[in-house]
Amino acid sequence: MSDESEPKLLAGGNPQIPKGEGDAPVQAYIAAMPGWKKPIGEALDAAIVREVPGVQKAVKWNTPFYGVEQGCWFASFHCFDRYVKVTFFRGGSLEPQPPETSKYPEVRYCHFHEGERPGERFAGWIRQAVALPGEKL
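Keep in mind it's a predicted model, so treat the numbers as computed, not measured. (Residues numbered from 1 in each chain as written. Predicted model: local features only at pLDDT ≥ 70, side-chain atom pairs only at ≥ 80, totals over all residues. Heavy atoms only, no water.)

(A) How the structure looks around the packing of helix α1 (residues 23–32) against helix α2 (residues 37–51). Two elements in contact, α1 and α2, have axes whose closest approach is 7 Å; the angle formed by their N-to-C orientations is 150 degrees. In terms of axis orientation, α1 runs roughly antiparallel to α2. Note on element contacts: α2 touches α1 through Lys38, Gly41, Glu42 and Asp45, opposite Val26, Gln27, Ile30 and Ala31. Of the residues that constitute the contact of α1 with α2, the class distribution is 3 nonpolar, 2 polar and 3 charged. (Axes fitted to C-alpha atoms, helices over the stretch in contact; angles between N-to-C directions. Helix = DSSP H or I, 4+ residues; strand = E, 2+ residues; numbered from the N terminus. Parallel < 35°, antiparallel > 145°, perpendicular 65-115°, else oblique. Contact = heavy atoms within 4.5 Å. Nonpolar A, V, L, I, M, F, W, Y, C, P; charged D, E, K, R; others polar.)

(B) Up close: the pattern of salt bridges. Applying the stated criterion to the full structure yields 6 salt bridges. Linking glutamate 51 and arginine 127 is a salt bridge whose minimum nitrogen-to-oxygen distance equals 3.0 Å. With glutamate 51 in helix α2 and arginine 127 in helix α3 (residues 120–130), this pair connects stretches of sequence that are 76 residues apart. Relative accessible area serves as the criterion here: at 24%, glutamate 51 is assigned to the partly exposed category. (Salt bridge = Lys/Arg side-chain N within 4 Å of Asp/Glu carboxyl O. Buried < 20%, exposed > 50% of the residue type's maximum accessible area, 1.4 Å probe, protein only.)

(C) Region of interest: α1. Within the sequence span of α1, burial applies to Pro25, Val26, Tyr29, Ile30 and Ala32. With its buried residues spanning 170 degrees around the axis, α1 presents them on a single face. Residues of α1 that are buried sit in contact with β1 (20–21), α2, β2 (56–60), β3 (63–67) and β5 (75–79). (Arc of directions from axis to C-beta.)

(D) Expanded view of the packing of aromatic side chains. Within this structure, the stated rule accounts for 9 aromatic pairs. Members of the aromatic cluster, connected to one another through ring pairs, are Trp61, Phe65, Trp73 and Phe89. Just above the ring of tyrosine 109 sits the side chain of lysine 85; from NZ or CZ to the centre is 3.9 Å. (Phe/Tyr/Trp six-rings, centres within 6.5 Å; stacked < 30°, edge-to-face > 60°. Lys NZ or Arg CZ within 6 Å of the ring centre and 35° of its normal.)

Put into structure tokens, the structure is as follows:
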């Protein structure tokens, strides 16, 4: 029988975490990421915090969001079966652009698969993204 205190995993192994502002709900999300996805979540969060001291965090729609001002977000990430997807809300303005396209021209994605970790290219995208207007969601 499963422990009722454990977050439910939704499609793709995405943790179901209550909506909340601040670091605590984001850390709860990361702690609930299954298997090989958890170290990716830890590395993504650490890389963002390193590049953006004082970054604003929230969990909305079972997804961690990152911003520089309350309610305006530059990036988020979400678990899928075969990868963790990072969304850059102004990714079309980043150089080079993150590799995955969206139906929205300005939104771009990058995927992290098992064993992969964010490196300097990711850090560069974060540095660029925080200099752009955030997305109000």
